[in-house]
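# Chain and residue survey
Below are the chains, spelled out letter by letter.
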Amino acid sequence: MAVVYNQLQSAFSKMLNRERYSRFTLQPDGGGHVEVKLSDDVTDDQAGAEQTGQPGDSPSYRPRPRQEYRRICYLALGALFIFVIGCLIGYASTHSEQEPIHCSMNQEAQIDGVQSPPVQSLPVQPTPVQPTPVPPPPEQPSLSWKSITNLLTTRLTPDKVDQGLSCLQFQYDQTAGSDGDVILANNVFNNFKIWEMNPWTDVHYVQLQKPDSEKPNRVLMDQVVVGQPKAYLAYSATGKVQGTAVYGNYGRKEDLEILTNLNIELNGTVILLRASGQISLAQQVANVAEMGVSAVLIYPDPDDYKFDRNTELYGHVHLGSGDPYTPGFPSFNHTQFPPTESSGLPTVLAQSITAATAAQIMKAIGGANVPSSFRGGLDDVTYRIGGAGVNVTVEVNNVLQNTEIHNVFGVIKGFVEPDHYVVLGAQRDSWGPGFAKAMVGTTLLMELARSVYEMVEKDGFRPRRSMVFASWSAGEFGSVGATEWLEGYMSSLDRRAFTYISLDGVVTGHGAFKASASPLLVSLLATTMQEVKNPIGSDMSKSLYDKVSGANFEASVLEPMQMEDAAYPFLAFSGIPSISLRFVSRDSEVYPYYGTALDNIDHLGVTTNQRLDSLATAAGLVAGQMALRLVHDHVLNLDVRRYITPISQAVVKINKRLKQVTEGRSAEGLSANWLIMARGSYIRATSDLNEDIQNTDLTDSLACHKINERIMRVEHNLLSPFVSPKDVPFRHVLFGHGSHTLDAMLEGTDKDVLRTQLALTTWTLQGCANALAGDIWELDNQI
């Protein structure tokens, strides 16, 4: 090393002695000299003096201190040289003594010989730094589907679910915007933060109707107070009315038809109805309001609800979802609200009463005895139709309160298409304990989030697409939090949020399994149920599908999606394929404790035969595996062929109806031929899509993306573009509500109205088929 050092020092000294530098150049003396002119005022004489090194006439000339200048340069360069040599010697010594670092395949990846840093926790993904531009690396190999399902089953267990239920901070007052609601929201947010899910909160200011603490609601009979309930029905009309008492069973259309046939005058009466899980409170009120009643009293009849006769019932009577005072608009604080109200708000007073109060009124009702189908289970009561005898006064003093609510979100981002995502959501608020209504779903939401986070962080799972986890507030008032979110981000969610999975009320009993879903998700549901073990009964060797499907899967499991379903606004308002699922009791699908103070862990334990943890786990596995399949596969697992049957059934009924209206004669503009051709276009588009999938290289991300874009358009394009979401929020032509739907065409008789409905429906269906077909030059438009 010393010899090398001396040689380097000698060579450096010779270099310094050989080279001289001028004042204006970095060229060695004797080399090519370049003139540098400092200003336009420099004369030729001055320039010459500069070139020859003579003073001339330049006042700026100063003699150069050559020897001292050289000595300083030599010292500085020598010190720099010694410092550099010392650093090189130190580096060589340290590098020779360091032990090599051994990295497993899970810790490092190599691309073209350049090592990338270890994979980081979500949501930040490692990006290898390349010394030179190279083509993008190939897509990371993903786990097999079998490995993914095994990982989820390992991480989402009954013990974990039971522990999650115990860890939630239950608050008795968990109504929307209350302290209990905020505590749960913070709990969810903090857990999402721990799991590195980039949590955020969506704040809305909504109008919630609540009782007036100074003026309670009352029910009087002949001016005597028979009920002053604490419970109430949100969004009832307010005021005070009096009328003759009438009994109307469940308030279904067939019940009211029986009353009409018995010549019972309903206009101006106070009608007494018994609650039913088969029809919503809002639909009951809407049905009788059409008959001209002045007020509605709803009670839980002992024949349907096996609990104490003094148990009070909470609910809402808005025939819709979201804040009814900002229909079609998001309830942000800065929104300029138009002076409008939802058409689903009732025009009559509505109040819930206890079975004990109902018994007092029923004993005083006169009139004929009711049909056998109207009889309930009130003790010592003869059920009569009414219409004569006692007068009942109903006083509703509810007030609107502007309430701040918080929706809480977390996201596990996809690695290939992070801008496309499936949403899993659960209601957080409740009237009373809300154990089945909200707590089980919220627990599953967090347990699924934790499980997927650990699968990504620890097990190497790499979802192609993102998963958004949402905790909603004000669900008890009609999916207010979820609907306001949909209204606020309608454009952002279009063809990005491709599925919604509701976790509300997933366990209310044992013995049977039910689901309400978009047809696009039915095939995926069936496949998933075949992969999840049965938690019902003693035979757990079977799959859930084999246990509950029977001879006909769809008839045994599927139910129509109702307006009060938490998944409904996603499907009918936003055009997002949606599903809700639940374990129910075989003898009664209705959970009797919803909307009461009895919806607690003890009663849910009894209705589930003390197997809540295993049933909730199975429900979570069904929901979780469906979501994982949708974010894992190259092509979205949404079966567009499933819409052929409901579309065809509707077209057949409409064709038959039009023939009845025209009395078998061809009427101008009232032929179903165009609608039939639009149906044919959709069928051909599904066949073309299936053929394109078969011929596509699934490793080609761009080709798969184009196919997925076509699939994601189907549900959204079944929303009628010819009606306003403000006036008609549920625009889906198959599952919506309004004159634009296919069902509405089966009820009309006006030929001009039918002609308009037929044209708009035809072009909605044809537009859906065109979008599914793909590029404009691929369209099969025969209309």
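The sections below set out a description of the structure shown in this document. If you're wondering where the values come from, they're calculated on a predicted model, not measured in any experiment.

### Considerations on the overall build of the protein
Secondary structure summary: the protein contains 22 helices and 18 strands in total. Put simply, the protein has 783 residues, and 49% of those count as buried. Partitioning the contacts of the protein with sequence separation of at least 6, the portion at a separation of at least 24 is 78%.

### Examining the pairing of strand β15 (residues 465–472)
With eight of eight residues buried, β15 is to be regarded as a mostly interior element. Note: strand β13 (residues 399–412) against β15, five bridges, orientation antiparallel. Among the inter-strand pairings, I412 is bridged to a residue of β15, identified as M467. Taking the sense of rotation as the criterion, the β-α-β connection linking strand β14 (residues 417–427), helix α10 (residues 435–459) and β15 turns out right-handed.

### Quick notes on the nonpolar core
Formed by 161 residues in total, the largest nonpolar core has its most connected members in I361, F469 and F513. Looking at which element gives the most residues to this core, the answer is α10, with 14 residues. Setting aside residues no more than four positions away along its own chain, F513 makes contact with M529, L544, V548, S556, V557, L581, R582, F583 and V622. Listed in part, the 23 residues of the second largest apolar core include V468, A482, W485 and L571.

### Details of the sheet that holds strand β3 (residues 200–210)
Across the sheet, seven strands lie side by side as β3-β13-β15-β14-β16-β18-β17; this open sheet has mixed pairing. With one partner strand each, in any of the chains shown, β3 and β17 (511–517) form the two edges of the open sheet. Strand-to-strand twist across the sheet, computed as the mean angle between neighbouring axes with direction ignored, equals 20 degrees. As paired elements, β14 and strand β16 (residues 497–502) share five bridges and run parallel to each other. Within the sheet, the bridge partner assigned to L424 lies in β16 and is I501. Set on the sheet, helix α21 (residues 701–716) makes contact with β14, β15 and β16; between it and β14 the angle comes to about 35 degrees.

### Brief notes about the packing of helix α20 (residues 673–694) against helix α22 (residues 751–773)
The N-to-C vectors of α20 and α22 enclose an angle of 15 degrees; their axes lie 8 Å apart at closest approach. Relative to α22, α20 is oriented roughly parallel. Two packed elements cross with a definite hand, and for α20 against α22 that hand is left-handed. For the pair α20 and α22, contact is made by W674, L675, M677, A678, R679, S681, Y682, A685, T686 and L689 and by L758, T761, T762, L765, Q766, C768, A769, L772 and A773, respectively. Split by residue class, the contact of α20 with α22 holds 13 nonpolar, five polar and one charged.

### Overview of the pattern of salt bridges
In the structure shown here, the tally under the stated rule is 22 salt bridges. Among the ionic pairs, R450 bridges to E454, the shortest N-O distance being 3.1 Å. Linking R450 with E454, this pair stays in helix α10, spanning four residues, or about one helical turn. Judged by relative accessible area, which is 13%, E454 ranks as buried. Among the salt bridges present, the one from D639 reaches R641, with a minimum N-O distance of 3.1 Å. Through salt bridges with shared partners, a single ionic network connects R155, E447, R450, E454 and D459.

### Focus: α22
Over its 23 residues, α22 extends 33 Å from the first C-alpha to the last, a length consistent with the 33 Å expected when each residue adds 1.5 Å. Sitting at the amino-terminal end of α22 is D750, which places a side-chain oxygen 2.9 Å from the backbone nitrogen of D752. Of the residues one or two after α22, G774 is the one with positive phi, at around 110 degrees.

### Focus on the pairing of β13
Pairing of β3 with β13 involves 11 bridges; the strand directions are antiparallel. Bridging across to β13, K210 finds its partner in V399.

### Considering the side chain of D639
Here D639 shows up in the loop between α18 (612–632) and α19 (644–661). In terms of polar contacts, D639 uses its side chain to reach the side chain of S523, at 2.8 Å. Discounting residues that sit within four places of it in the chain, D639 has contacts with P519, L520 and S523.

### What about the packing of aromatic side chains?
Counted according to the given criterion, the structure contains 25 aromatic pairs. With a centroid separation of 5.9 Å and 20 degrees between ring planes, the pair formed by Y314 and W431 is classed as stacked. Placement of the pair is Y314 in the loop between β9 (295–299) and β10 (315–316) and W431 in the loop between β14 and α10, with a sequence separation of 117 residues. The exposure class of Y314 is partly exposed, given its relative accessible area of 25%. Look at W431 and you get buried, because its relative accessible area is 6%. Aromatic side chains Y545 and F553 sit 5.2 Å apart centroid to centroid with 25 degrees between the ring planes, which places their arrangement in the stacked category. Here F553 falls in the buried class, since its relative accessible area comes to 8%. Here the aromatic cluster, defined as three or more aromatic residues joined through ring pairs, consists of W200, F332, F409, W472, W485, Y489, Y500 and F570. Looking at R629, its charged tip hangs above the ring of W145, at a distance of 4.5 Å from the centre.

### With respect to helix α6 (residues 179–194)
In an α-helix, one turn spans 3.6 residues, which is why side chains three or four residues apart end up on the same side. Look at α6: 23 Å from first C-alpha to last across 16 residues, which is about the 22 Å you get at 1.5 Å a residue. If you check which residues of α6 are buried, you get G180, D181, L184, A185, N187, V188 and F192. Angular distribution of buried residues about the axis of α6 spans 155 degrees; they occupy a single face of the element. For α6, the exposed residues set more than 90 degrees away from the buried face come down to D179, K193 and I194.

### Looking at the sheet that holds β9
The sheet built from seven strands is open, its strands ordered β5-β4-β12-β7-β8-β9-β11 with mixed pairing. Because the sheet does not close on itself, it has two edges, and the strands there are β5 (224–227) and β11 (349–352). Mean inter-strand twist for the sheet, computed between neighbouring axes without regard to direction, equals 35 degrees. By the bridge criterion, four bridges tie β9 to β11 in an arrangement that is parallel.

The rules behind the values
- Residues numbered from 1 in each chain as written.
- Predicted model: local features only at pLDDT ≥ 70, side-chain atom pairs only at ≥ 80, totals over all residues.
- Heavy atoms only, no water.
- Helix = DSSP H or I, 4+ residues; strand = E, 2+ residues; numbered from the N terminus.
- Buried < 20%, exposed > 50% of the residue type's maximum accessible area, 1.4 Å probe, protein only.
- Contact = heavy atoms within 4.5 Å.
- Pairing = 2+ DSSP bridges.
- Right-handed = clockwise from strand over helix to strand, strands pointing away.
- Core = buried A, V, L, I, M, F, W, Y, C linked by side-chain atoms within 4.5 Å.
- Axes fitted to C-alpha atoms, helices over the stretch in contact; angles between N-to-C directions.
- Parallel < 35°, antiparallel > 145°, perpendicular 65-115°, else oblique.
- Left-handed = near helix turned anticlockwise from the far one by under 90°.
- Nonpolar A, V, L, I, M, F, W, Y, C, P; charged D, E, K, R; others polar.
- Salt bridge = Lys/Arg side-chain N within 4 Å of Asp/Glu carboxyl O.
- Expected span 1.5 Å × (residues − 1).
- Polar contact = N/O pair within 3.5 Å; in protein donor to acceptor, adjacent residues only side chain to side chain.
- Phe/Tyr/Trp six-rings, centres within 6.5 Å; stacked < 30°, edge-to-face > 60°.
- Lys NZ or Arg CZ within 6 Å of the ring centre and 35° of its normal.
- Arc of directions from axis to C-beta.

In short, geometric facts, not functional conclusions.
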